[in-house]
Amino acid sequence: ALCGETRAQTPAPDPAEVVMPDAEKIVLLLRTSLLTLNDALQTGNFTVLRDMGAPGFRDANTAAHLSQSFSDLAAKKVDLSVVSIIAPQLSEPPALDQAKGMLHLKGYFPGEPVQINFEMLYQAVDARWRLFGLSVQPGPPTPAPAAKATDPASTAVKKK
């Protein structure tokens, strides 16, 4: 389940300011969120994670509730710092709900012996994406698909 899901009434954002972020911004959002969670796991202090969230996330979660929600990750001593150097793989295309000003991201950071599976929900607040929902689970590595010549990730970018 996503932590921080709430049914609180939030004002509809200005549709002009809710646009799909580019790939670099998506990677930055994911890394920032997971590194903030990692700091919380390492220190036991979930205040910053809570305070960086959207208003609905903050209203639905105390720092103590977040600590309890992620106690399994803390008990397993999961180290999320690897997300700073590994590229995330999205298992679904990023989904944007302009009416609600929400961005949904789902995927994983590959790794051995475990990968970091995530599902995150961001809300546009004052033209910034703020964390609204978060689910992080360690899991077995996903087998890498065979790279095809048409796969842009396997093709080197040539500059002229």
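Not measured: the values here are computed from a predicted model.

A. Up close: the environment of Leu35. Looking at where Leu35 falls in the secondary structure, it is placed in helix H1 (residues 23–43). Judged by its relative accessible area of 28%, Leu35 falls in the partly exposed class. A sequence separation of 47 residues divides Leu35 from Val82, and the C-alpha atoms of the two residues are 9.0 Å apart. When neighbours within four sequence positions are excluded, Leu35 is seen to be in contact with Leu80, Ser81, Val83 and Ser84.

B. Expanded view of unusual backbone geometry. Each neighbour pair has its own omega, and for Glu112 with Pro113 the value is 5°, a cis peptide bond. Among the structural elements, Pro113 can be located in the loop between strand S3 (102–109) and strand S4 (115–125). The phi dihedral of Asp126 is positive, around 50°, even though this residue is not glycine. The topology assignment puts Asp126 in the loop between S4 and strand S5 (128–139). Residue classification places Asp126 among the exposed positions, given a relative accessible area of 71%. Phi is positive for Ala127, which is not a glycine, with a value near 65°. Mapped onto the secondary structure, Ala127 falls in the loop between S4 and S5. Given a relative accessible area of 59%, Ala127 falls into the exposed group.

C. The arrangement of the side chain of Ser33 in detail. Turning to its location among the elements, Ser33 is positioned in helix H1. Residue class for Ser33 comes out buried when judged on its relative accessible area of 8%. Excluding anything up to four places from it in sequence, Ser33 contacts Leu49, Met120, Tyr122 and Leu131.

Reading the values: rules and limits
- Residues numbered from 1 in each chain as written.
- Predicted model: local features only at pLDDT ≥ 70, side-chain atom pairs only at ≥ 80, totals over all residues.
- Heavy atoms only, no water.
- Helix = DSSP H or I, 4+ residues; strand = E, 2+ residues; numbered from the N terminus.
- Buried < 20%, exposed > 50% of the residue type's maximum accessible area, 1.4 Å probe, protein only.
- Contact = heavy atoms within 4.5 Å.

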